[in-house]
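Structure assessment
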Amino acid sequence: ISPLAKTILRESGAKVDVSKLQGSGPNGRVIAKDVLAAISATAPATTTPTAPAATFEDVAVTPMRKIISARLTESKQTIPHYYVNQNCYVDELLQLRKRLNADIASVRGASEGEKPAKVTINDFIVKACAMALREMPEVNCSYVNNMMRHYKTIDINVAVSVADGLITPLLRDVDKTGLLGINTAMKGLIAKSKAGKLLPEEYASGSMTVSNLGMYGIPSFSAIINPPQSCILAIGGLQKVVVPDEKDDTKFAVKSMISLSLSCDHRVMDGVMGANFVNTVKKYLENPRLMLL
């Protein structure tokens, strides 16, 4: 074995029996290339690392989702949002709703195969927003091209979940419509929304939007303004809360409460205006008979 071959073998640390090597040098001498070949043959096999299998799938975005993405991204980037939160105690509203639904059932009944008409909490909320807009017309406007666009009617969009996203059908002249009329119109719009049959004028932009997640058990949330509107009201779920008794501070009462979160465009509504508006909505929800006048 040549000196170089010995050095290579020693420094490699490989366990190679030189006596079993077939040398390729003069007279069968083991030389460097013989040792290198032997070392290579005894080295453990290695595998080429492979990339892990993909754990995701890219799915094309639907046209509706593209519109939602574009509009709400525009909203958060161009509209200076701020938020006003308020709680409403709605025990009187729940009692009035119960009486109204009993009266509706006794007077109108139901067609064969249909459920009797019932006014919902959401109908009261939409109506309360319309009454608040009528009382505060300065909120019923939008910031458009550095001008204030004042609307002459009170039309309210209501967020509806559909299979591939969200749509906001429009209820028109809500301040002039009764609770049962709001309920009937809303049912028709929801059915058309889910069937994909809404006409463009039925999801046009109104005075403001109402988004209610109460039926999903969400206590409160903040919504993104639907441009070019100046506000959107987010409604949380009905909760039972313990509060001090109004007549005796040493006693407590259990009340039914919902949370309101008003997202406002600061270009149109300063903080005081936003606070006054959400408090006006609260006034109508806590005194629902005012909506019947």
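Residues numbered from 1 in each chain as written. Predicted model: local features only at pLDDT ≥ 70, side-chain atom pairs only at ≥ 80, totals over all residues. Heavy atoms only, no water.

1. Structural notes on the layout of surface pockets
Reported here for the largest pocket is a volume of approximately 730 Å³. Contributing to the lining of the largest pocket are 29 residues, with Asn 122, Ala 159, Ile 190, Asn 212 and Met 215 lying nearest its centre. Taken together, the elements giving at least two residues each to the lining of the largest pocket come down to helix H5 (121-135), strand S5 (160-162), helix H6 (179-194) and strand S8 (208-212). No other element matches the five residues that H6 contributes to the lining of the largest pocket. (1 Å grid on protein atoms, 1.4 Å probe; cavity = no way out; pocket = protein on both sides within 12 Å on 5 of 7 lines; lining within 4 Å. Points joined across faces, edges and corners; volume = space filled by probe spheres on them. Helix = DSSP H or I, 4+ residues; strand = E, 2+ residues; numbered from the N terminus.)

2. Thoughts on the pairing of strand S9 (residues 231-235)
The buried count for S9 comes to five of five residues, which makes it a mostly enclosed element. The pairing of S8 with S9 spans four bridges and is classified as parallel. The residue of S9 that forms the bridge with Asn 212 is Ile 235. By the bridge criterion, five bridges tie S9 to strand S11 (residues 252-265) in an arrangement that is antiparallel. When the bridges of S11 are listed, Leu 233 appears paired with Leu 262. (Buried < 20%, exposed > 50% of the residue type's maximum accessible area, 1.4 Å probe, protein only. Pairing = 2+ DSSP bridges.)

3. Digging into the state of the cysteines
Across all of its chains, the model carries zero disulfides by this definition. Cysteine Cys 129 remains unbridged, with the sulfur of Cys 231 as its closest cysteine sulfur at 7.9 Å. With no disulfide partner, Cys 231 has as its closest neighbouring cysteine sulfur the one in Cys 264, 6.2 Å distant. (Disulfide = S-S within 2.5 Å.)

4. Some words on the side chain of Asp 155
Within the secondary structure layout, Asp 155 lies in the loop between strand S3 (147-150) and strand S4 (156-158). There is a polar contact of 2.9 Å between the side chain of Asp 155 and the side chain of Thr 153. Apart from residues no more than four positions distant in its own chain, Asp 155 is found in contact with Leu 170, Leu 171, Arg 172, Asp 173, Gly 206, Ser 207 and Met 208. (Polar contact = N/O pair within 3.5 Å; in protein donor to acceptor, adjacent residues only side chain to side chain. Contact = heavy atoms within 4.5 Å.)

5. Focus: the nonpolar core
Within the largest apolar cluster, 51 residues are counted, with the highest numbers of intra-cluster contacts made by Ile 156, Leu 233, Leu 260, Met 269, Phe 277, Val 281 and Leu 285. Considering each element in turn, this core owes the most residues, nine residues, to H5. If we ignore the near neighbours within four places in the chain, the residues touching Leu 285 are Cys 88, Val 90, Leu 93, Phe 124, Ile 125, Ala 128, Ile 258, Leu 260 and Met 291. (Core = buried A, V, L, I, M, F, W, Y, C linked by side-chain atoms within 4.5 Å.)

6. Overview of the pairing of S3
Strand direction decides the pairing type here: strand S2 (residues 141-144) and S3, joined by four bridges, are antiparallel. Paired with Val 144 across the bridge in S3 is Met 147. The antiparallel hairpin formed by S2 and S3 contains two residues in its connecting segment, where Asn 145 sits at a positive phi of about 50°.

7. Some details on the pattern of salt bridges
Taken as a whole, this structure holds seven salt bridges when the rule is applied. A salt bridge links Arg 172 to Asp 155; the nearest nitrogen and oxygen atoms lie 4.0 Å apart. Here Arg 172 is found in the loop between strand S7 (170-171) and H6, whereas its partner Asp 155 is found in the loop between S3 and S4, with 17 residues between them in sequence. Between Glu 286 and Lys 282 there is a salt bridge whose closest N-O contact spans 2.8 Å. Of this pair, Glu 286 and Lys 282 both sit in helix H7 (residues 271-286), four residues apart, which is roughly one turn of that helix. (Salt bridge = Lys/Arg side-chain N within 4 Å of Asp/Glu carboxyl O.)

8. Focus: the packing of H5 against H7
Close contact between H5 and H7 brings their axes to 8 Å; oriented N to C, the two are set at 130°. Classified by the interaxial angle, the pair formed by H5 and H7 is oblique. Once H5 is placed against H7, the crossing between them reads as right-handed. Along its contact with H5, which presents Phe 124, Ile 125, Ala 128, Cys 129, Met 131, Ala 132, Leu 133 and Glu 135, the element H7 presents Phe 277, Thr 280, Val 281, Lys 283, Tyr 284 and Leu 285. (Axes fitted to C-alpha atoms, helices over the stretch in contact; angles between N-to-C directions. Parallel < 35°, antiparallel > 145°, perpendicular 65-115°, else oblique. Left-handed = near helix turned anticlockwise from the far one by under 90°.)

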